[in-house]
Amino acid sequence: MNSIANNKVAICLLLLSITSSPVVSFAPPCINSSSLHKTCHHPSHPRTSSCYTTTTTRLHQSSTDEEDGMINQESTPLGGNWMKKSTTIKGIPAEALSGDMKDEFIKMDVGIGGKEFGTGPLSKRMFDAMMTVALQQFRGDLPDGLREAYLEYAMDASAKEAVKVAMDSNGYEMNLGDDIAMQDVGAWGVVENVLLLDDGEKSYESWADAIVEGGWEPGDAFSFIVREVPSLQKSMDLASLLKALDPDGTLREEAKEKGMLLPDEDVASLKDLGVDCMQRINAAPVPTTGEKDVFRGGTSKGYNVISRSSLLRENRNADGTENQKALLHVMDSLANHGCLIVDLTDEDKSLDGALTMSKMWDATTDFFQKVIDKDETAKIIPAMAVAEGVGSSHAMVGFASFKNGDNQFLETRIRRSDGALLPKETRSVIGDDGAQSMVDAFHVMAEVGKDIVRIATAASSVEADAFVTVGSVVSQEEGSPSIAGLSFEEASVSGLFGENEADGEASGGDKTRGDILASEAAILLTEEIMDDGKPLDNKGVEHDEGPVSMSPHRICRYSNVNDKKSGASEVFGAHTDTSFVTIVPAAAVSGLEIFDEDSLQWYRPELNARKHARGLDPKGEKDSQFPWHSRYLVVMPGELLQITSRNNVQAAVHRVVATNQTPRLSAPVLLRARPGTKMDVERYLGSLDKADSLLLECNSMSMEDIHDALQMRPMEESPPRNEGAEDWA
């Protein structure tokens, strides 16, 4: 493949990386002339929502208006379909508005043909539904004027739905904001020229006139014009963007030949997962900014700090399903922003976790101070090497230094038999208490990580209905005995199946049972597959986990004294981790940056945590007990969680930046898998029929083989951005 073709593919991917977002967008409510079908997705993940599945009608377009894709002149006679920008806004000529005011009042005039948009059938369904409820509520004795009010509401609501469809088909959306008043009849636009299709050529100036004077009834089709509808221009969706960049599919074929994935293609194999991570790493920008200008998080809930207790198993619902509030927070943070910030103190209700982390920070500071001072005790720490007897080339322990001493690391692990810290020489440097504080901190972080993986994995299994079996729970009338174990035919004959079950659809009980099983299976995964440094007690699970934990606790010192330039620079290049999650205790000196897939920029979560701490303790009254940053853990998803979450959560692309002034200390834990255990999809993630191709490939593989497969990436085409980063994934 020639270099020009390679450049085209690279440009295509670059444009996609800066204009697309992984957050899934669902179609707005839209109408169809024959039916209005609502599909409710089972709540499990911030990317799911309810939507209407229908077909839409494209408005007439003018070949002379290439800028907006709409005609500038209204279609005549009344009843045509057209859309244009409003020429006046609140009585002021649009061209007279400027600056922010002009942007604030983006209004559209729309003409709707009632036949094409099905305003008659839709209005009847809306009116009939409202009347059914009203007749039940008022026992058949409707208050005076209620029917007339419902007539106007049905007409208005039908028209609004038609306009939403028209806008969506032409790259716009209605912008009513959160103001409830904007939902009132007529509040969303200035309605005029209402034409009843069964009433000849006469038009009316309002819904009320059409009802009173024209005798409109639900089911009668009507055309209309509405002006000054609040609007927003929609961003180009991913499918449209790909089509614009590659109209004939040439670049897609070239990308396929190079083993590259386009953003609309599924991660279907371990090889694809490796390629996906490398592409996202290489697409992330290299330039850095200082604390003053770096992105510190936005206003959405995914940037909020979550309390430690919210993640506990005990916080699940009484029936064993995951707590929806915690689940949505976790998934929003991980999927959209690449990390979750956890407050170990529950806003000062429990200080034990923060005190444990504070002791670990003391030990970390003590260790690196002795290294810098060239203390004799520090010289006994062995160089980085495979732990003795561990049986895995990935289980390293010891000390390493990169970039002329700017980056220094001590890799520690837990010995399963007695919980001791390795390398054992560490105890001679930081003392028994210091070594024990490292072990204690490891376990605090590991438990937090396991809870987050449980929630994210369960949420993704629920979304896939992976544990839902139709007819697993037999519905019953109130007061009737519970009947379990019936076949589908037996339960159907008995009359105990509801309408959904009779049609072969999952009932609410089936879904609840599936949610419970998804959570229980995710707990098994965290206990049996994730390596928390403890022996696996379940003898019924095939495993050969080795004497040393595969999950390292790495203490790090990042400095940049050899860089003569002022300001921050990248000292540990962008990468993803082959872990379930990587837990990074918030540090006194910020420097961890995560590429935020929602805002498409580097996000420094420690500054967000610092802001939260100042809100809790503005006067620093707790500083005598522990430093502010000991409260917080930053948890990032890794490649293994991308697998078990069915690609709902991508492995976080992250890096470390530092200045040539104050060194940064860090102490992350990378929660990996027990090497001898096997991925049993049915045990941990549900039905194989609901599994994607990536899960099917991983099924029955040892976790070490999965780990090894993820290290085999096309590095020759994508060289690491700085020394050492690829060695520490």
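Structure first, text after, so check above.
Quick notes on the rules
Residues numbered from 1 in each chain as written. Predicted model: local features only at pLDDT ≥ 70, side-chain atom pairs only at ≥ 80, totals over all residues. Heavy atoms only, no water. Helix = DSSP H or I, 4+ residues; strand = E, 2+ residues; numbered from the N terminus. Buried < 20%, exposed > 50% of the residue type's maximum accessible area, 1.4 Å probe, protein only. Contact = heavy atoms within 4.5 Å. Areas by Shrake-Rupley, 256 points an atom, 1.4 Å probe, with all protein chains shown as cover. Phe/Tyr/Trp six-rings, centres within 6.5 Å; stacked < 30°, edge-to-face > 60°. Salt bridge = Lys/Arg side-chain N within 4 Å of Asp/Glu carboxyl O. Core = buried A, V, L, I, M, F, W, Y, C linked by side-chain atoms within 4.5 Å. Pairing = 2+ DSSP bridges. Axes fitted to C-alpha atoms, helices over the stretch in contact; angles between N-to-C directions. Parallel < 35°, antiparallel > 145°, perpendicular 65-115°, else oblique. Left-handed = near helix turned anticlockwise from the far one by under 90°. Nonpolar A, V, L, I, M, F, W, Y, C, P; charged D, E, K, R; others polar. Expected span 1.5 Å × (residues − 1).

Trainee: Describe the overall build of the protein chain, listing the residues and the values that go with them.
Mentor: Across its full length, the protein chain carries 20 helices and 25 strands. Looking at the protein chain as a whole, 50% of its 729 residues are labelled buried. If you take every contact in the protein chain between residues at least 6 apart in sequence, the share linking residues at least 24 apart comes to 76%. Summing over all exposed atoms, the protein chain offers an accessible surface of approximately 33200 Å²; the carbon and sulfur share of this is 50%.

Trainee: Describe the packing of aromatic side chains, with residues and values.
Mentor: Going through the model one piece at a time under the given rule, you end up with 15 aromatic pairs. Ring plane angle 40 degrees and centroid distance 6.0 Å describe the contact between phenylalanine 222 and phenylalanine 224, whose orientation is recorded as tilted. For the pair shown, phenylalanine 222 and phenylalanine 224 are each scored as buried. For the pair phenylalanine 295 and tyrosine 303, a centre-to-centre distance of 5.8 Å together with 80 degrees between the ring planes defines the contact as edge-to-face. Here phenylalanine 295 falls in the buried class, since its relative accessible area comes to 18%. Members of the aromatic cluster, each reached through a chain of ring pairs, are Trp207, Trp216, Phe222 and Phe224.

Trainee: Help me get a handle on unusual backbone geometry, residues and values and all.
Mentor: With the exception of glycine, the majority of residues adopt a negative phi angle, and the majority of peptide bonds are in the trans configuration. In this structure, the amide linkage connecting leucine 422 to the following residue, proline 423, adopts the cis form with an omega of 0 degrees. For proline 423, the location among the structural elements is in the loop between β16 (421-422) and α12 (426-463). At lysine 403, a residue that is not glycine, the phi angle is positive and equals roughly 50 degrees. Of the residues examined, lysine 403 reaches a relative accessible area of 25% and is grouped as partly exposed.

Trainee: Quick rundown of the pattern of salt bridges? Include the residues and the values.
Mentor: Inspection of the entire model under this criterion finds 34 salt bridges. Notably, a salt bridge pairs arginine 664 with glutamate 606, separated by 2.9 Å at the nearest N-O pair. Placement of arginine 664 in strand β24 (residues 664-666) and of glutamate 606 in helix α16 (residues 605-616) is noted, with a sequence separation of 58 residues between them. For glutamate 606, a relative accessible area of 1% gives the class buried. Connected through shared salt-bridge partners, Arg313, Glu447, Lys450, Glu527, Asp532, Lys534 and Arg674 make up one network.

Trainee: Can you tell me about the nonpolar core, naming the residues and giving the values?
Mentor: One broad trend across soluble globular proteins is that nonpolar side chains are buried collectively. Ranked by internal contacts, the top residues of the largest apolar core, which has 77 residues, are Leu311, Val342, Phe367, Ile452, Phe580, Ile643 and Ile706. With 15 residues, α12 is the largest single contributor of residues to this core. For isoleucine 452, the residues in contact, after removing those within four places along its chain, are Leu311, Val330, Leu334, Leu340, Val342 and Val635.

Trainee: Quick one: what's the story with the sheet that holds strand β23 (residues 654-658), residue by residue and with numbers?
Mentor: Overall, antiparallel pairing links the 4 strands, which are arranged β18-β23-β20-β21 in an open sheet. Strand pairing shows two members of the sheet lacking a second neighbour, β18 (569-575) and β21 (601-603), which therefore form its edges. Taken pair by pair, the neighbouring strands of this sheet meet at an average axis angle of 30 degrees, ignoring direction. When strand β20 (residues 592-596) meets β23, the two strands line up antiparallel, connected through 3 bridges. Its bridge partner being in β23, leucine 592 is matched across the sheet by valine 656.

Trainee: How would you explain the packing of helix α11 (residues 352-372) against α12 if you had to name every residue and give the values?
Mentor: In contact at an axis separation of 8 Å, α11 and α12 are set at 135 degrees when each is read in the N-to-C sense. The orientation of α11 relative to α12 falls into the category oblique. Read as a crossing pair, α11 and α12 show a hand that is left-handed. Residues Thr356, Met357, Lys359, Met360, Ala363, Thr364, Asp366, Phe367 and Lys370 of α11 pack against Val429, Ile430, Gly434, Ser437, Met438, Asp440, Ala441, Val444 and Met445 of α12.

Trainee: Now, about the environment of glycine 189: what can you tell me, with residues and values included?
Mentor: Relative to the helices and strands, glycine 189 resides in the loop between β7 (172-174) and β8 (190-196). For glycine 189, a relative accessible area of 9% puts it in the buried group. C-alpha of glycine 189 to C-alpha of isoleucine 225: the two residues are 36 residues apart in sequence and 9.7 Å apart in space. When neighbours within four sequence positions are excluded, glycine 189 is seen to be in contact with Val226, Arg227, Glu228 and Val229.

Trainee: Go over the packing of helix α4 (residues 119-137) against helix α5 (residues 146-169), please, and point to the residues and values.
Mentor: Their axes nearest at 9 Å, the elements α4 and α5 cross at an angle of 140 degrees. In terms of orientation, α4 lies oblique with respect to α5. Regarding α4 and α5, the two cross each other, and that crossing is right-handed. Together, Thr119, Leu122, Ser123, Met126, Phe127, Met130, Met131 and Ala134 of α4 and Leu146, Arg147, Tyr150, Leu151, Tyr153, Ala154, Ala157, Ser158, Glu161 and Ala162 of α5 make up the contact between the two elements. Residue composition of the contact of α4 with α5, by class: 13 nonpolar, 3 polar and 2 charged.

Trainee: Now, about α16: what can you tell me, with residues and values included?
Mentor: End to end, α16 covers 17 Å across 12 residues, agreeing with the expected 16 Å (1.5 Å per residue, within 8%). Among the residues of α16, Pro605, Glu606, Leu607, Asn608, Ala609, Arg610 and Ala613 are the ones counted as buried. Looking at the buried side of α16, the elements it contacts are β12 (340-343), β19 (581-585), β20, β21, β22 (632-637) and β24.

Trainee: Please provide a residue-by-residue account of α12, values included.
Mentor: With 38 residues, α12 extends only 45 Å from end C-alpha to end C-alpha; this falls clearly short of the ideal 56 Å at 1.5 Å per step. Remark: aspartate 465 follows α12 within two positions and exhibits a positive phi of approximately 55 degrees.

Trainee: Describe in detail the environment of serine 472, supporting the description with residues and values.
Mentor: By the element assignment, serine 472 lies in the loop between α12 and α13 (488-494). Sequence separation between serine 472 and glycine 514 is 42 residues; the distance between their C-alpha atoms is 9.1 Å.

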